[in-house]
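Structural description and commentary
Chain residues, written in single-letter form:
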Amino acid sequence: MTGPGARREVVRAAAAQLVDAAAAEARAVGAQMRSIHRLWLAAQAARTAARFETMAQADAEMSARGFVRPDPLGPLAEAEHQLVVDVAAEVGPALRVPAGTARRRVEDAVLLAEMLPEVLTALEDGRIGAAQAMVMVEQWRELIEQAPTWTAGSCASPPVDAVCRLITELLERAPHATAAQLRAVARARRAVLVADAEERSRCSARKNRTVWVEPAPDGTAFLHALLDAHVAVAVHGRLEDLVALLGEDVPAPDDLGPAGRSLSEGSEDADPRSAGELRADVLADLLLDGVLPDEPRFPRGVRARVTVTVPLALLAGEGVGADTAACGAPMLSGFGPISTEVARRLAAGAGAWHRVLTHPVSGVVLDHDRTVYAVPRDLRRLVELRDGTCRFPGCRRRAETGDLDHTVAWADGGPTAEHNLAALCRHHHRVKHRDGHLGRWSVRRVAPEPDGGAGGTPAEHAAVLEWTSPGGLVHRSVPEHVRDRSAAADGPRHPTLGPSAECPPPSPPADDPPPF
């Protein structure tokens, strides 16, 4: 059994076993959480019984002496903490984890079982993984338990209903998303569903801006900077621009001679630096010397392009407060939602404008101005705005740094049009167009019927890609800012074996190398 057909069957069987093993792992984690919650309930019942017994004894003593019984709920918070500690003491040795990890595991299990039962059920069924479940636990903690509620002398109640809606949407998306993708979706939806709470969190988080150094092995260290999102993205973009302009001319800060000349300059044995090394050296050189090369080819005042997609109603001042849910939130390319005030400040200083029409419900890009002279560049901008990231399953590289791929190859009659283009990073672009050792990937666009009269657009349908792996697994890819209503009606929401009757077999290799 060494023919192509036999090898294909082996690959498909191994891929199916991998999916089954991942589902079994999720079910095991779900069973573990359920067991921890049962321990919690048993401890809680014992504590309640002991508390009632103590209260009864106190009542008898106070009645005999004629004193008033004190409030029995006073030490409740302390007792709750002790309950967690007691259950964690049982859980830690059983799972061979430290005490702190065991306490967090108990808190996660109780939150899942009592506040997010549908998430725990999905985990027990193997429909989502533990990492995806923990993303939803994080959202509940951040928005309900840890979010600041005070602002300008008033207190706002936690947005429980909006958070429950957020969890429901994330649960629908989770079977087809990595944890990082799910967090990005959560950031975008939080900016709409809980706009007021997000604004309070932003105001509180800005007070934590700082810079610090963290030691790393082998004589290196991390330089961390916690900044406003749009500032951080602009800084990183400027580093990219400077690296592109200077290349290997960037001096290495730790490799300078007495006259400021690089000691490795002119050495034939010097290894070329990677893009990451060049970014690090540019950053260090700017911060230490604070000057740019005084050369005609190097323009002064280089600034990175910061791309923000802003609903027109927000710029006009119509989408403030609760109205943000109706018109959407400003989206910073490469990060996610930002505050309305920051978006207005950036828009006020913008040197150029491009109109982008988005669907009011789904947020998908519908149209784009043809104001840029080079039409292919304008079309690229449209697809980059629509996709946001690489469209290969699980990848979150920024669309602006990758290629545009013809879903239906140009040689096979595929047009160079928005509905036939998708953003792919260079790595996954090559993966799509080559015959790997396990076989070849294929991709098609999914155009389901609109959801129950809620409307739907060709652009929205074009944004849904269905990838089939060499092992026959089918993965759905949807832009992070688009709600995947079409996938909700497709049955089981986990990788399935394919290709289906509607999915064509992989196409033959293209004649041209990437990009295509």
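**Focus: empty space enclosed by the protein**
If a probe the size of a water molecule is rolled over the atoms, the empty space left behind becomes visible. This model, assessed by the stated rule, comprises two cavities of 30 Å³ or more. As a volume, the second largest cavity reaches approximately 30 Å³. Around the second largest cavity sit Asp405, Thr407, Ala422, Leu424, Lys432, Val443, Leu465 and Trp467, which together line it. Going through the elements one at a time, β11 (421–424) and β13 (465–468) are the ones with two or more residues in the lining of the second largest cavity. Looking at the lining of the second largest cavity residue by residue, the classes come out as five nonpolar, one polar and two charged.

**Here we look at a nonpolar patch on the surface**
On the surface, Val211, Val213, Leu223 and Leu287 cluster together into a nonpolar patch covering about 410 Å² of accessible area. Take Leu287: its relative accessible area is 60%, and that puts it in the exposed class.

**Some thoughts on the packing of aromatic side chains**
Going through the model one piece at a time under the given rule, you end up with three aromatic pairs. The interplanar angle of 65° and the centroid separation of 4.8 Å between the aromatic rings of Phe392 and Trp441 together place this pair among those described as edge-to-face. Of this pair, Phe392 sits in the loop between α14 (375–387) and β10 (403–406) while Trp441 sits in the loop between α15 (426–432) and β12 (442–445); the two residues are 49 residues apart in sequence, bridging distant segments of the chain. Look at Phe392 and you get buried, because its relative accessible area is 9%. Where Trp441 meets Trp467, the ring centres are 6.3 Å apart and the plane angle is 75°; that geometry is what we call edge-to-face.

**Digging into the nonpolar core**
Grouped together as the largest cluster of nonpolar side chains are 44 residues, with contacts concentrated most on Val106, Leu116, Val119, Ile128 and Met136. Contributing elements (two or more residues each) for this core: α1 (4–65), α2 (76–95), α3 (99–114), α4 (117–124), α5 (130–145), α6 (160–173) and α7 (179–193). Counting residues in each nonpolar core, the second largest holds 11 residues, with Cys390, Phe392, Cys425 and Trp467 among its members.

**Topic: the confidence of the model for the protein**
Scored by pLDDT, the protein has a mean of 75; 64% of the residues are at 70 or more. Within the model, pLDDT remains below 50 along residues 256–269, and this stretch shows 10 contacts once partners closer than five positions in the same chain are excluded. In this model residues 486–494 is a low-confidence stretch, pLDDT under 50, and it forms 15 contacts with partners more than four residues away in sequence or in other chains.

**Topic: the pairing of strand β3 (residues 210–215)**
In summary, the side chains of a regular strand alternate between the two faces of the sheet. Across the six residues that make up β3, only a small minority, zero, are buried. One ladder, built from six bridges, connects β3 with strand β4 (residues 221–226); its direction is antiparallel. Paired with Pro215 across the two strands is Ala221, which belongs to β4. Taking the residues that link successive antiparallel strands as the turn, the β3-β4 hairpin has five residues, and the phi of Asp218 there is positive, at about 60°.

**Quick look at the pattern of salt bridges**
One pass over the full model with this rule turns up 23 salt bridges. Here Arg127 and Asp125 are joined by a salt bridge, their closest N and O atoms 3.7 Å apart. The partly exposed category is assigned to Asp125, whose relative accessible area is 43%. With a shortest N-O distance of 2.5 Å, Asp403 and Arg426 are connected by a salt bridge.

The rules behind each value
- Residues numbered from 1 in each chain as written.
- Predicted model: local features only at pLDDT ≥ 70, side-chain atom pairs only at ≥ 80, totals over all residues.
- Heavy atoms only, no water.
- 1 Å grid on protein atoms, 1.4 Å probe; cavity = no way out; pocket = protein on both sides within 12 Å on 5 of 7 lines; lining within 4 Å.
- Points joined across faces, edges and corners; volume = space filled by probe spheres on them.
- Helix = DSSP H or I, 4+ residues; strand = E, 2+ residues; numbered from the N terminus.
- Nonpolar A, V, L, I, M, F, W, Y, C, P; charged D, E, K, R; others polar.
- Patch = residues over 30% accessible without salt bridge, like charges linked within 9 Å, V, L, I, M, F, W, Y side chains within 5 Å.
- Areas by Shrake-Rupley, 256 points an atom, 1.4 Å probe, with all protein chains shown as cover.
- Salt bridge = Lys/Arg side-chain N within 4 Å of Asp/Glu carboxyl O.
- Buried < 20%, exposed > 50% of the residue type's maximum accessible area, 1.4 Å probe, protein only.
- Phe/Tyr/Trp six-rings, centres within 6.5 Å; stacked < 30°, edge-to-face > 60°.
- Core = buried A, V, L, I, M, F, W, Y, C linked by side-chain atoms within 4.5 Å.
- pLDDT = per-residue confidence, 0-100.
- Contact = heavy atoms within 4.5 Å.
- Pairing = 2+ DSSP bridges.

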